[in-house]
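Observations on the three-dimensional arrangement
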Amino acid sequence: MRRSGLPSLPAGLIEVARVGLLLQRVLADIGLASLAKVSGGKGLHCCLPLNTPYDYTQSKEFARTVAARIEAHYPELVTSKMGKEHRTGKVFIDWSQNDEHKSTVCPYSLRGEERPLAAAPVSWDEVDSAVQRNQEQDLRFTPEQVINRLNTFGDLMSPVLTRRQRLPGMRSREIEPVRVWNNSDVTASDADIAGSLAEYRGKRRFEATPEPAGTGSNQDKWRSSFLVQKHSAGRLHYDLRLECEGVLKSWAVPRGPSFDPGQKRLAVRTEDHPLAYAEFEGRIPEDQYGGGQVIVWDRGTYSPAGSPYPDEASVSKALKEGKLEVTLQGAKLQGDFVLVRTGLDRQGKEQWLLIKKRDAVANSLVDPLQTEPYSVLSGLWIEDLAESES
Ligand code: MN
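These numbers were taken from a predicted model, which means no experiment stands behind them.

Computed from the structure, the largest pocket encloses a volume of approximately 1600 Å³. Mapped by element, the contributors of at least two residues to the lining of the largest pocket are α1 (13-29), β2 (44-47), α2 (56-73) and β4 (91-92). Taken together, the residues that form the lining of the largest pocket break down as 27 nonpolar, 13 polar and nine charged. Of the pockets and cavities examined, the second largest pocket occupies roughly 390 Å³. H237, D239, A252, T270 and Y289 are, among the 19 residues lining the second largest pocket, the residues nearest its centre.

The following block contains the structure:
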């Protein structure tokens, strides 16, 4: 940072914008996309879309850490300390705004002034060019300009509602995965249920109404368990397992699952595992088959996609035919994935590809393998298990 670029007091919008760009780069370096908006006053807001269940304690802690890191690198330009005496001539990164008791001016709102400027989202390129040109005016908008910008650029803020990102090193507060082992909570037999529903079904033509037919026991909301174990045997890999017909159908995925639809991940079919394996974490002795450490990296439920009334038989059939589409609801993995068989390897093992489908959560920037390496059961890292017995 050039010393000559430092503000006299107080810091102006261009200095603020310069710090905004630092913030944007720091976040981008750890794989996080951010959005900018000008407040209509002297501030610049940096928004980090999450759309993952973190609470304010976590987002505030993350913001504080990032602010402190930038302050450590640019102590003459930036402060992360609350007191006004620290702020003279410096840009204050107000991490404490991440709180439910804070109100931040909305984009497209007007400031309370006689001739008000408006808060508005801006692209980081615009922020960059305003800094380059040293033109504060480039970041100030009248209400009319904001409306013109909306017509020209659309709503630059819209990704804040959809972009799904995770905070590195922080475990999100996820809803506990539903445990449904073969719908064992349903005690009535299929015949009993069919009898109970006979009148309901008799009155309806399900090809013509969107109401559920309730085929079979509980099949129209049939879901089953899935898990991914991280396994450091020889070469590190991830074992994907889907509960089906009383066992865990399994694939070894050397590079692990990806949220990026452009990534096709090899998945080698392995032998079926018992259901109880879903609870297994620990250390397999080195001289035994699969010797190494195992953690349950993710788990939750899956349902087969593409079938109006999916059931276990449809999963089994899809696996035989070599193409299975599933929707995963895990603590880390979410959304639609497809498994496609491509052939056999030299040892006669089935080779498949595991591919993320394009949906609302597909995202080439999100990589929970990197940002959330720990077990969903114990919080342990696979390295913790290696160290525990050495
Ligand atoms: Mn394995």
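A positive phi is found at Y108, a non-glycine position, where the angle reads about 70 degrees. Looking at the element boundaries, Y108 is found in the loop between β4 and β5 (120-122). Taking the relative accessible area as the measure of exposure, Y108 reaches 31% and is therefore partly exposed. One non-glycine residue with positive phi stands out, namely N134, at about 55 degrees. When you line up the elements, N134 lands in the loop between α3 (124-133) and α4 (143-153). Note on N134: relative accessible area 53%, which makes it exposed.

So, on to the nonpolar core. Counting 37 residues, the largest nonpolar core has V38, I70, V122, V127 and L139 as its most contacted members. Broken down by secondary-structure element, the contributors of at least two residues to this core are α1, β1 (35-38), α2, β5 and α3. Sorting elements by how many residues they give to this core places α1 first, with nine residues. Ignoring sequence-local partners within four residues, the contact set of V122 consists of A36, K37, V38, V127, L139, F141, R149 and L156. The next biggest cluster of nonpolar side chains, apart from the first, holds 26 residues, and it includes A267, L319, L333 and V366.

Before going further, it helps to spend a moment on the coordination of the manganese ion. Protein coordination at the manganese ion comes from H231 (ND1), H237 (NE2) and D239 (OD), with a distance range of 2.2 to 2.3 Å. All donors to the manganese ion come from one chain, and their sequence spacing reads H-x5-H-x1-D. Each member of the pair, H231 as well as H237, is classed as buried.

Our next topic: the pattern of salt bridges. One side chain can pair with another of opposite charge once the charged atoms of both are near each other. Counted under the stated rule, the structure contains 16 salt bridges. Here R269 ties to E350 by a salt bridge, and the two come within 3.8 Å at their closest N and O atoms. One end of the pair, R269, is in strand β9 (residues 264-274); the other, E350, is in strand β14 (residues 350-356), and 81 residues separate them in sequence. Here E350 falls in the partly exposed class, since its relative accessible area comes to 23%. For R299, the salt bridge is made with E279, and the minimal N-O distance between the two is 3.4 Å. Note that R299 is positioned in strand β11 (residues 292-304) and E279 in the loop between β9 and β10 (282-284), a separation of 20 residues in sequence. With a relative accessible area of 13%, R299 lands in the buried category. In this structure E279 comes out as partly exposed when scored by relative accessible area, which is 41%. One network of salt bridges, in which partners are shared, links K249, R269, D272, R341 and E350.

Next up on the list: the environment of L380. Considering the arrangement of structural elements, one finds L380 in the loop between α8 (368-371) and α9 (382-388). When the C-alpha positions of L380 and E281 are compared, they lie 9.6 Å apart, and in sequence the two are 99 residues distant. Ignoring any residue separated from it by four or fewer positions in sequence, one finds L380 in contact with I295, Y374, S375 and L385.

Our next topic: the pairing of β2. Successive residues of a regular strand alternate their side chains across the two faces of the sheet. Sheet analysis places β1 next to β2, joined by four bridges and oriented antiparallel. Bridged to L35 within β2 is C47.

Thresholds, definitions, all that
Residues numbered from 1 in each chain as written. Predicted model: local features only at pLDDT ≥ 70, side-chain atom pairs only at ≥ 80, totals over all residues. Heavy atoms only, no water. 1 Å grid on protein atoms, 1.4 Å probe; cavity = no way out; pocket = protein on both sides within 12 Å on 5 of 7 lines; lining within 4 Å. Points joined across faces, edges and corners; volume = space filled by probe spheres on them. Helix = DSSP H or I, 4+ residues; strand = E, 2+ residues; numbered from the N terminus. Nonpolar A, V, L, I, M, F, W, Y, C, P; charged D, E, K, R; others polar. Buried < 20%, exposed > 50% of the residue type's maximum accessible area, 1.4 Å probe, protein only. Core = buried A, V, L, I, M, F, W, Y, C linked by side-chain atoms within 4.5 Å. Contact = heavy atoms within 4.5 Å. Donors = N, O, S within 2.8 Å, 3.2 Å for Na, K, Ca; no water. Salt bridge = Lys/Arg side-chain N within 4 Å of Asp/Glu carboxyl O. Pairing = 2+ DSSP bridges.

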